[in-house]
Amino acid sequence: MSEVGNLYQERVERVFKTLRLEQADRVPVLGTYGTWSAYYAGYTDSETNWDTDKCGKAMLKVAGDIPMDMTHQVFNRPGSVYQALGSKAFHYLSESNIVQYSDQSANIMKEDEYREFSGDPFRFFVDKILPRKYRELAQDSPVRDLALTKGAMQFGMYGGKKGAIKAALAQQCKMPLLFDGVILHPLDWIADFFRGIKGTFMDIRRRPEELGEAVEALTPLVMRFGMGQVHMAPPRPNPKVLMMPLHLPTMLNTKDFNKYYWPSFKKVMEFFAAHDIYVIPFYEGDWSRYYDHLQELPAKKTMGWFEHGEPKELKQKLGNTLCLIGLFPTTLLQYGTKEECIAKAKELVDALAPGGGYIFGTDKEVISPKDAKAENIIAINKFVMEYGIYS
C-alpha cells in the first residue's frame, strides 16, 4: 500500500478502533465543520447550497489547512432540488446568512389528522405532506410530474457530486468521511417537519394517545429510511454510520420522555446495532438525567456526540457503553485565546481519553462564520494529536 493509502487507512482505523471502545495509537480528531467551511473558503452558505462544486472546494481547503483524522459529512443542501419542487421552507434571512428554520413552515399537518397518518405514514407523507411542503407537487399533472422529474434529476446530480467530493477528499487530502446518512427520531421528525415544535408540545397535552400512536407507526419508516441510505453508500470493511440529531428530549419532562421518546429511540438503536450499523446521536442540551437510560444501549455499537455534560461523570457512567465525542465549547473557539483553548482541550483529554473510547470534537457543528476562529481550531487539533498519544 502507498504512503497516501496508508495515511487514509490509518485515520480510518484510528477512528473505528476508538468507536469500538478500544485504545488506538492516539486520540482521534473529528472535524465537525459545517457551513463554517463555506465562509472559511470565501463563500457563503447560499453559494455552496446552489453550487455543490463550491462546497467541495471549501471542504478540500478545510481538509488541507486544518489537521484532523476525519470529517463528519458533506455539509451543503441541494438548493436546486428544493427549487425544482417549489419548497416553502428553504429560505434565508439574507444571502449572506445560513438557512433558517421556521416553526410555522414546519406545521403543515392538522392536529386531527393523526389517525390517518398512523394508518399508513408513508402514504400520508406522499399524498399529504409533500404537496403541502412543496408547491409544485400540489399542482395537477403534467406540472407535478415534470417537477418531480426535475427534482429527481437534480437529486441524482447532487448525489453524484457528493460522491465526487468524497473521492477528492480521499485522493487529495487522504481524508475520510464518517457519516453515510442522517435519520431522525419519529418525534423529532413530527416536530421538525409535520407539526412544528409548538404544535407537537400542544399535542402532548391535547392528543397524547394519538401522538404516541403516530410515533410508534413512524418508527419502522425511520428504520427503512436509514437502511436505504446505508445500501446506497459504497461498501467498505468497517460498519456504516448514520447520524441522528436529537432535538426534543431535553425540552421534555422525564415522564413524557419515557412515553414518547425512549421506547422508539431504544428500538431504533437496537435495530441498527443488530445490523452492525453505528448510529451516532447528537445529544443536544444536557442529557445528564438520562445517562441511566443510555446505559441500556447496545455496548460498543454507538458513539455519543454530547453538547453538554461533566466530562468525568460522562466517562464514568457511559465510558463502557459508547464512544464519547464533543464537549469542546465552540464559544471558546470564538472568544478564547489559543492558550485558553488548549487548556480546555487538555482538560477534556485528561478526563475522557484514558483507556480509549474518546474522539476529540466540538460540542456542536460549527456553522456560522463567527462560531470559531480558524487559528484556535488548528491550535487545539494540533495539541490533541501531540498530547493525546497513548503510551
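Each remark here, short or long, concerns the structure printed above.
1. Focus: helix 8 (residues 121-133)
Taking 1.5 Å of rise per residue, the 13 residues of helix 8 would be expected to cover 18 Å, yet its terminal C-alpha atoms sit only 16 Å apart, more than 12% below that figure. The sharpest bend along helix 8 measures roughly 30° and falls at Asp127, with the proline Pro131 sitting one to four residues further on.

2. Comments concerning the nonpolar core
The biggest cluster of nonpolar side chains holds 90 residues, and the ones touching the most others in it are Phe265, Phe306 and Phe360. For this core, the element with the most residues is helix 12 (residues 208-232), which contributes 9 residues. With sequence-adjacent residues up to four places away left out, Phe265 is seen in contact with His185, Met244, Leu246, Pro281, Tyr283, Leu294 and Leu297. The next biggest cluster of nonpolar side chains, apart from the first, holds 19 residues, and it includes Leu30, Leu178, Met243 and Met303.

3. A short note on the pairing of strand 7 (residues 323-326)
Relative to strand 7, strand 6 (residues 303-306) runs parallel, the two sharing 4 bridges. Paired with Phe306 across the strands is Gly326, a residue of strand 7. Each parallel crossover has a hand, and for strand 6 linked through helix 15 (residues 311-318) to strand 7 it is right-handed. Bridge analysis of strand 7 against strand 8 (residues 358-359) gives 2 bridges, and the strand direction is parallel. Bridge assignment links Ile325 to a residue of strand 8, and that residue is Ile359.

4. Quick word on the packing of helix 17 (residues 338-352) against helix 18 (residues 374-387)
Across the interface, helix 17 lies against helix 18 with an axial gap of 9 Å and an inter-helix angle of 35°. The crossing of helix 17 and helix 18 is right-handed. From helix 17, Lys338, Cys341, Ile342, Ala345, Lys346, Val349 and Asp350 reach across to helix 18, where they touch Glu375, Asn376, Ala379, Ile380, Phe383, Val384 and Tyr387. Class assignment for the residues of the contact of helix 17 with helix 18 results in 9 nonpolar, 1 polar and 4 charged.

5. A word on empty space enclosed by the protein
Empty pockets left among the atoms are what a rolling probe the size of a water molecule brings to light. Tallied over the entire structure, the rule returns 2 cavities of 30 Å³ or more. Taken as a whole, the largest cavity spans an internal volume of roughly 50 Å³. Lining the largest cavity are Tyr33, Ser37, Met59, Val62, Ala63, Met68, Thr71 and Leu169. The greatest single-element share of the lining of the largest cavity, amounting to 3 residues, is contributed by helix 4 (residues 52-65).

6. Structural notes on the pattern of salt bridges
Side-chain pairs of opposite charge can arise whenever the charged atoms involved come near each other. Per the stated rule, a full pass over the model turns up 25 salt bridges. The residue Glu296 makes a salt bridge to Lys266 at a minimum N-O spacing of 3.2 Å. Taken together, the residues span a long stretch of sequence, with Glu296 in the loop between helix 14 (291-294) and strand 6 and Lys266 in helix 13 (residues 254-274) at a distance of 30 residues. A residue is classified by how much of its surface remains accessible, and Glu296, at 42% relative accessible area, is partly exposed. Asp276 is the partner of Lys301 in a salt bridge, and the nearest nitrogen-oxygen pair spans 3.0 Å. Taken together, the positions of Lys301 in the loop between helix 14 and strand 6 and Asp276 in the loop between helix 13 and strand 5 (278-283) put the pair 25 residues apart, joining distant regions of the chain. Looking at Lys301, the relative accessible area reads 28%, which means it is partly exposed. Residues joined in a network through salt bridges with shared partners are Arg14, Asp25, Arg26 and Asp69.

7. A short note on the environment of Leu221
Here Leu221 lies in helix 12. Separated by 99 residues in the primary sequence, Leu221 and Phe122 have C-alpha atoms spaced 7.4 Å apart. If sequence neighbours within four positions are ignored, Leu221 has contacts with Pro121, Phe122 and Trp189.

8. Here's the deal with the packing of aromatic side chains
Scanning the entire structure with this criterion turns up 24 aromatic pairs. Residues Tyr33 and Trp36 carry aromatic rings whose centres are separated by 5.9 Å and whose planes lie at 50° to one another, so their mutual orientation is tilted. For the residue pair Tyr33 and Trp36, the accessibility class agrees, reading buried in each case. A ring pair is formed by Phe257 and Tyr261, whose centres lie 5.8 Å apart and whose planes are at 15°; its orientation type is stacked. In this pair, Phe257 and Tyr261 are both assigned in helix 13, 4 residues apart and thus about one turn of the helix distant. For the pair Phe257 and Tyr261, a shared accessibility class is recorded, and that class is buried. One aromatic cluster is present, formed by Phe257, Tyr261, Trp262, Phe265, Tyr283, Trp287, Tyr290, Tyr291 and Phe306 through successive ring pairs. Here Arg224 stacks its cationic end above the ring of Phe122, 5.4 Å away from the centre of that ring.

Scoring rules and cut-offs
- Residues numbered from 1 in each chain as written.
- Predicted model: local features only at pLDDT ≥ 70, side-chain atom pairs only at ≥ 80, totals over all residues.
- Heavy atoms only, no water.
- Helix = DSSP H or I, 4+ residues; strand = E, 2+ residues; numbered from the N terminus.
- Expected span 1.5 Å × (residues − 1).
- Bend = angle between axes of the 7 residues up to and from the residue.
- Core = buried A, V, L, I, M, F, W, Y, C linked by side-chain atoms within 4.5 Å.
- Buried < 20%, exposed > 50% of the residue type's maximum accessible area, 1.4 Å probe, protein only.
- Contact = heavy atoms within 4.5 Å.
- Pairing = 2+ DSSP bridges.
- Right-handed = clockwise from strand over helix to strand, strands pointing away.
- Axes fitted to C-alpha atoms, helices over the stretch in contact; angles between N-to-C directions.
- Left-handed = near helix turned anticlockwise from the far one by under 90°.
- Nonpolar A, V, L, I, M, F, W, Y, C, P; charged D, E, K, R; others polar.
- 1 Å grid on protein atoms, 1.4 Å probe; cavity = no way out; pocket = protein on both sides within 12 Å on 5 of 7 lines; lining within 4 Å.
- Points joined across faces, edges and corners; volume = space filled by probe spheres on them.
- Salt bridge = Lys/Arg side-chain N within 4 Å of Asp/Glu carboxyl O.
- Phe/Tyr/Trp six-rings, centres within 6.5 Å; stacked < 30°, edge-to-face > 60°.
- Lys NZ or Arg CZ within 6 Å of the ring centre and 35° of its normal.

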